[in-house]
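Chains, contacts and geometry: an overview
As a plain string of letters, each chain reads:
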Amino acid sequence: KIAVQGPSGSGKTMGALLIAQGLSPDSKIALLDTENNSAGLYSDRFAFDSLNLAPPFLTSRFIEVINGAIEAGYEVLIIDSLSHAWMGKGGALEMVDNAGRRSGGNGFAAWRDVTPEHNRLVDALVRCKCHLIVTMRSKMEYVLDRDEKTGKTAPRKVGMAPVQRDGLEYEFDIAGDIDLSHRWVITKTRCPSLDGLAIDKPGIEVGRTIAAWLSDGSAPPEPKQ
């Protein structure tokens, strides 16, 4: 389970497709596209089956796609992007707004209704039986960089926390932030080979590294009769 989070233009989709190719070469790759079929721009470079998901971005629809990909025998599923299940039309935040209006503006009651639905989606992600790569948009912020030679400062756009429920990225085996220079900084990993890395333009080799880690070790002993 891999999460690639970053601002628009950082290379999330490209990185996810390259990692998928290295992770399971010559296998069936499915891609759930919530970005108005933008992944289709890469169809000349990668072999994958794409489903364009239009609004409403209900959590139940994401769960249906996850289960459907498993039943269809796909070895890798890419969700591009998972942020729409949170802040898109019909997503969790809109569900909270609607539930709040029905309960007379009671925000606590609204989250009480919506949180179980979102938890079902998280459970489907965690229990997905194929390789799973999700992209998430990052909230944007500007920082001022100072040029040591000229002394001048200039604003730079950076991605911050992912647009999803706080802490969701830690549900994944591997998670990282990718910036506008296409550098993927690993923030959480169970794969020792990726620990502490900042990877320029994550690609096929990242997928191969993860695949080697997953195939390492020996089979568990047979249970005693």
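Treat the numbers as computed from the prediction; the structure is a model and nothing was measured. Residue numbering note: each chain is counted from 1, following its sequence as written. Local features in a predicted model are, by the rule used here, given only for residues with pLDDT of at least 70; side-chain atom pairs are given and counted only at 80 or more, and totals for whole chains, interfaces and linings are based on all residues. Side-chain numbers come from the whole structure's heavy atoms, not from hydrogens or water.

Interaxial angles span 0 to 180 degrees and are taken between N-to-C directions of axes, which are lines fitted to C-alpha atoms, for helices over the stretch in contact. Secondary structure elements follow DSSP: runs of H or I no shorter than four residues count as helices, runs of E no shorter than two count as strands, and numbering proceeds from the N terminus. Look at helix α2 (residues 59-71) against helix α5 (residues 107-126): their axes get within 9 Å of each other, and the N-to-C directions meet at 20°. Classified by the angle between their axes, α2 and α5 sit roughly parallel to one another. Crossing hand, α2 versus α5: left-handed. Here T59, F62, I63 and I66 of α2 lie close against α5, whose contacting residues are E117, H118, R120, L121, A124 and L125. Only Asp, Glu, Lys and Arg are considered charged, only Ala, Val, Leu, Ile, Met, Phe, Trp, Tyr, Cys and Pro nonpolar, and every remaining residue, Gly among them, polar. Grouping the amino acids of the contact of α2 with α5 by side-chain chemistry returns six nonpolar, two polar and two charged. Roughly parallel refers to an angle under 35 degrees, roughly antiparallel to one over 145, roughly perpendicular to one between 65 and 115, and oblique to any angle outside these ranges. Note on convention: the crossing is left-handed when the near helix lies turned anticlockwise from the far helix by less than a right angle, right-handed when the turn is clockwise. A contact between two residues is defined here by any heavy atoms of the two lying within 4.5 Å.

The next point concerns the pattern of salt bridges. Any carboxyl oxygen of Asp or Glu within 4 Å of a side-chain nitrogen of Lys or Arg constitutes a salt bridge here. Applying the stated criterion across every chain yields a total of seven salt bridges. As a salt-bridge pair, E117 and R120 come within 3.2 Å of each other at their nearest N and O atoms. You can see E117 and its partner R120 sitting in helix α5, three residues apart, about one turn around the helix. Among the residues examined, E117 registers a relative accessible area of 26% and is labelled partly exposed. Burial classification: accessible surface area is computed with a 1.4 Å probe over protein chains only, and a residue below 20% of its type maximum counts as buried, one above 50% as exposed, and the rest as partly exposed.

To continue, consider helix α6 (residues 204-215). With 12 residues, α6 extends 17 Å from end C-alpha to end C-alpha; this agrees with the ideal 16 Å at 1.5 Å per step. Along α6, the residues classified as buried are V206, G207 and I210. Buried residues of α6, seen end-on, are gathered within an arc of 100° and therefore sit on one face of the element. Counted as exposed and oriented over 90 degrees from the buried face of α6: E205 and S215. For α6, the elements touching its buried residues are β1 (2-6), α1 (12-23), β7 (174-178), β8 (183-189) and β9 (198-200). To estimate the expected span of a helix, subtract one from its residue number and multiply by 1.5 Å. The arc refers to the directions leading from the helix axis to the C-beta atoms.

Looking now at unusual backbone geometry. In this structure, the amide linkage connecting P55 to the following residue, P56, adopts the cis form with an omega of 5°. Following D80, the chain continues to S81 via a peptide bond in cis, the omega torsion being 10°. The residue S81 is located in the loop between β4 (76-80) and α3 (84-87) in this model. Even without glycine at this site, H182 takes up a positive phi of about 65°.

Remark: helix α4 (residues 92-102) packs on α5, axes separated minimally by 8 Å, with the N-to-C direction vectors making an angle of 150°. Classified by the angle their axes make, α4 and α5 are roughly antiparallel. In this structure, α4 meets α5 at a crossing whose hand is right-handed. Packed against α4, whose contacting residues are A92, L93, M95, V96, A99 and G100, the element α5 presents A110, W111, D113, V114, E117 and H118 at the interface.

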